Amino acid sequence: MRATRATRALAALYEARPNAALSEPEVEAALASAGVAVNKVTVYRMLDRFAAAGLLHKHVDAARVSAFSAMDREKA
């Protein structure tokens, strides 16, 4: 995975909020407030890549809304 400004910002977001389960709009808003404007498609791709790499866990609720949380490092 490339260490772009957006991927570094996403990693920092979950480092700052290790217990958070964030949806794509929440991640997009948090990145924007951190000064990293990233479009929706890019955010989804980054979240999926982080999940595939074992850094995030994807949760899907009954309304089919996906939220991503940091993987528990002790279990990984």
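Attention here is on the structure that accompanies the text. Remember, predicted model here, so these are calculated numbers, not experimental data.

### Here's the deal with the nonpolar core
Note on soluble globular proteins: their nonpolar side chains tend to be buried together. Counting residues in each nonpolar core, the largest one holds 18 residues, and the members touching the most others are L10, Y14, V27, L31, V38 and L47. Ranked by residue count, the leading element in this core is helix α1 (residues 5-16), at five residues. Apart from residues no more than four positions distant in its own chain, L31 is found in contact with A9, L10, V36, V38, V43 and M46.

### Details of the sheet that holds strand β3 (residues 66-70)
Spatially, three strands are ordered β1-β3-β2 in an open sheet, and the strand pairing comes out antiparallel. Strands with a single pairing partner mark the edges of an open sheet, and in this sheet they are β1 (21-23) and β2 (56-60). Strand-to-strand, the axes of this sheet are offset by a mean angle of 35 degrees, without reference to chain direction. Pairing between β2 and β3: five bridges, direction antiparallel. Among the inter-strand pairings, K58 is bridged to a residue of β3, identified as F68. Strands β1, β2 and β3 of the sheet are contacted by α1, whose axis makes an angle of about 75 degrees with β3. Contacting β1 and β3, helix α2 (residues 24-33) crosses the sheet at an angle of about 90 degrees to β1.

### So, the packing of α2 against helix α3 (residues 40-52)
At a closest axis distance of 10 Å, the pairing of α2 and α3 adopts a crossing angle of 110 degrees. As judged from the angle between their axes, α2 and α3 are roughly perpendicular. Along its contact with α2, which presents E24, V27, E28 and L31, the element α3 presents K40, V43, Y44, M46 and L47. Class assignment of the residues belonging to the contact of α2 with α3 gives a composition of six nonpolar, no polar and three charged.

### Overview of unusual backbone geometry
Look at R64: it is not a glycine, yet its phi comes out positive at around 65 degrees. Among the structural elements, R64 can be located in the loop between β2 and β3.

### Regarding the pairing of β3
When you tally the buried positions in β3, you get four out of five residues, the bulk of the element. As judged from the three bridges shared by β1 and β3, these two strands associate in the antiparallel manner. Each bridged residue has a counterpart across the sheet, and for S23 the counterpart in β3 is A67.

About the thresholds
- Residues numbered from 1 in each chain as written.
- Predicted model: local features only at pLDDT ≥ 70, side-chain atom pairs only at ≥ 80, totals over all residues.
- Heavy atoms only, no water.
- Core = buried A, V, L, I, M, F, W, Y, C linked by side-chain atoms within 4.5 Å.
- Buried < 20%, exposed > 50% of the residue type's maximum accessible area, 1.4 Å probe, protein only.
- Helix = DSSP H or I, 4+ residues; strand = E, 2+ residues; numbered from the N terminus.
- Contact = heavy atoms within 4.5 Å.
- Pairing = 2+ DSSP bridges.
- Axes fitted to C-alpha atoms, helices over the stretch in contact; angles between N-to-C directions.
- Parallel < 35°, antiparallel > 145°, perpendicular 65-115°, else oblique.
- Nonpolar A, V, L, I, M, F, W, Y, C, P; charged D, E, K, R; others polar.

All quantities given are derived from atomic positions and should not be read as evidence of function.
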